[in-house]
Amino acid sequence: MPLHVFDPGSSSSASVISCLDERCSPGVQTSDSVCPTQSNLCSYSLAYEDGSRASGYYVTDLITFDMIEGNALVNSSAAVIFGCSTSQTGDLQESGKTIDGIFGLGQQETSVVSQLALLGIAPRAFSHCLRGDGDGGGTLVLGEIVDPNIVYTPLVPSQPYYNLNLLSISLNGQPLSIDPSVFATSSDRGTIVDTGTTLAYLVEEAYDALVNAIAISVSQTARMLINEGNHCFLTTSNVVDIFPRVSFNFEGGASMILSPPEYLVQQSSFDGSTAWCTGFSKAQGQPRTILGDLVLKNKIVVYDLAGQRLGWTNYDCSLSVNVSTTTTNAKGQGEYFHAGQMGHGSGSDRVAHFIFIQWGLRICLITISLLGSIIRLC
């Protein structure tokens, strides 16, 4: 797949950020920026959970979007700071896994979400709804998707990732015998939500207990196979009828419930039987549970950074969503904007509608043509 690398030299509105620039300071304080001397460019060297690394320097340029005021579209733009990589290692440079860029959605001041919030362009929140069917896609909102069924759990404070307090895991409502301390947050432990991770990685104690319990529950109707370390099941039955629901139970009473099709991945079929493998993997060599797209798909997920909480609800992500405009009408009720689903072009040309929510009565929409490129949300 051809990549479309950003070239700051070809943009008349782009400029590099020096270490003398005050906008470099927040990154230095959080170790996201490197400034050996004050004469250098504001640089960075970042490591990701999969072992990949990227390094380069910061630039600023305009992102453009259409702002809706009433029934009119008004062109607008905002200057944001982002990294321009000069060196990449690990999966970031493998031909089958290369990407055009990583769109920063972290809590730090250097993320796009935080920058737009500081500029007063969008609230300090974002939401997504990832489609779990074969077509993929979904909706990304810089703002809050609203739904009456959303449940929330607090974010663990003062953490670089989106850490949650996972208390237990249940099968069909019955808690498994897992020591809660394996989920507790510390310097190298904890449970995080990460859209940049495809599957779900569980610490060894939790993984073994969960997979063994699933195997016991379907032992009469499915035969377990282990393929390259993955636990799979061979069955002629409908997985919805025989496999249990898995629940991740968090602080505040919020549970993330997964039906069998949401945690099983269909493999090959032969002799009338179908092999289904669990999308759960054992977190080899690291004591951190990572909940990736496997459990986040087919759900509205809201990252309320201002309120320091994360919420979700099951949802058909092929449908439109309602987005809060953070306004109040004459009856004291919140106003909502009905946002459409992203459109899909033919072939590899896709057009994604990213919706920016503006404080007050204005709503911002941005349309980005991906043209077959890959954008990872992290």
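Everything that follows concerns the structure shown earlier in this document.
Computed from a predicted structure; not experimentally measured.

Asker: Help me understand the sheet that holds strand E20 (residues 273-278) in this model?
Answerer: Through backbone hydrogen bonds, the strands of a sheet pair up, either in parallel or in antiparallel fashion. Strand order in the open sheet formed by four strands is E15-E16-E20-E19, and the pairing between neighbours is antiparallel. In this open sheet, the two edge strands, each paired with only one partner strand, are strand E15 (223-227) and strand E19 (264-270). Going across the sheet, the axis of each strand differs from the next one's by a mean of 30°, ignoring polarity. Bridging between strand E16 (residues 230-235) and E20 involves four bridges; their strand directions are antiparallel. Directly across from Cys-232, in E20, lies its bridge partner Cys-277.

Asker: What's the story with the sheet that holds strand E11 (residues 166-171) in this structure? I'm lost.
Answerer: With antiparallel pairing, the four strands of this open sheet are ordered in space as E12-E11-E17-E18. Edge positions in the open sheet fall to strand E12 (174-175) and strand E18 (255-258), since each of these has one partner strand only. Inspection of the sheet shows strand E17 (residues 246-250) paired to E18 by four bridges, in the antiparallel sense. Looking at E18, one finds that Ser-247 is bridged to Ile-257. Running at roughly 15° to E11, helix H3 (residues 204-217) makes contact with E11 and E17 of the sheet.

Asker: Sorry, what's going on with the packing of aromatic side chains here?
Answerer: The relation between two aromatic rings is expressed through the spacing of the ring centres and the mutual angle of the planes. Using the criterion set out here, one finds nine aromatic pairs in the structure. Aromatic pair Phe-126 and Tyr-303: ring centres 4.2 Å apart, planes at 10°, arrangement stacked. Within this pair, whereas Phe-126 is found in strand E6 (residues 125-130), its partner Tyr-303 is found in strand E23 (residues 299-304), the two being separated by 177 residues in sequence. Both residues of the pair, Phe-126 and Tyr-303, count as buried. An aromatic cluster of three or more residues is present, and its members are Phe-126, Tyr-162 and Tyr-303. Above the plane of the ring of Tyr-152 lies Arg-309, whose end atom (NZ or CZ) is 3.6 Å from the centre.

Asker: For this particular structure, what's the right way to read the environment of Gln-107?
Answerer: Within the fold, Gln-107 resides in the loop between strand E5 (101-103) and helix H2 (112-118). Residue class for Gln-107 comes out buried when judged on its relative accessible area of 14%. Separated by 199 residues in the primary sequence, Gln-107 and Ala-306 have C-alpha atoms spaced 9.8 Å apart. Setting aside residues no more than four positions away along its own chain, Gln-107 makes contact with Ser-114, Arg-124, Leu-155, Gln-159, Tyr-161, Tyr-162, Leu-305 and Gln-308. Looking at Gln-107, its side chain comes within polar contact range of the main-chain oxygen of Tyr-161, at 3.0 Å.

Definitions and limits used
Residues numbered from 1 in each chain as written. Predicted model: local features only at pLDDT ≥ 70, side-chain atom pairs only at ≥ 80, totals over all residues. Heavy atoms only, no water. Pairing = 2+ DSSP bridges. Helix = DSSP H or I, 4+ residues; strand = E, 2+ residues; numbered from the N terminus. Axes fitted to C-alpha atoms, helices over the stretch in contact; angles between N-to-C directions. Contact = heavy atoms within 4.5 Å. Phe/Tyr/Trp six-rings, centres within 6.5 Å; stacked < 30°, edge-to-face > 60°. Buried < 20%, exposed > 50% of the residue type's maximum accessible area, 1.4 Å probe, protein only. Lys NZ or Arg CZ within 6 Å of the ring centre and 35° of its normal. Polar contact = N/O pair within 3.5 Å; in protein donor to acceptor, adjacent residues only side chain to side chain.

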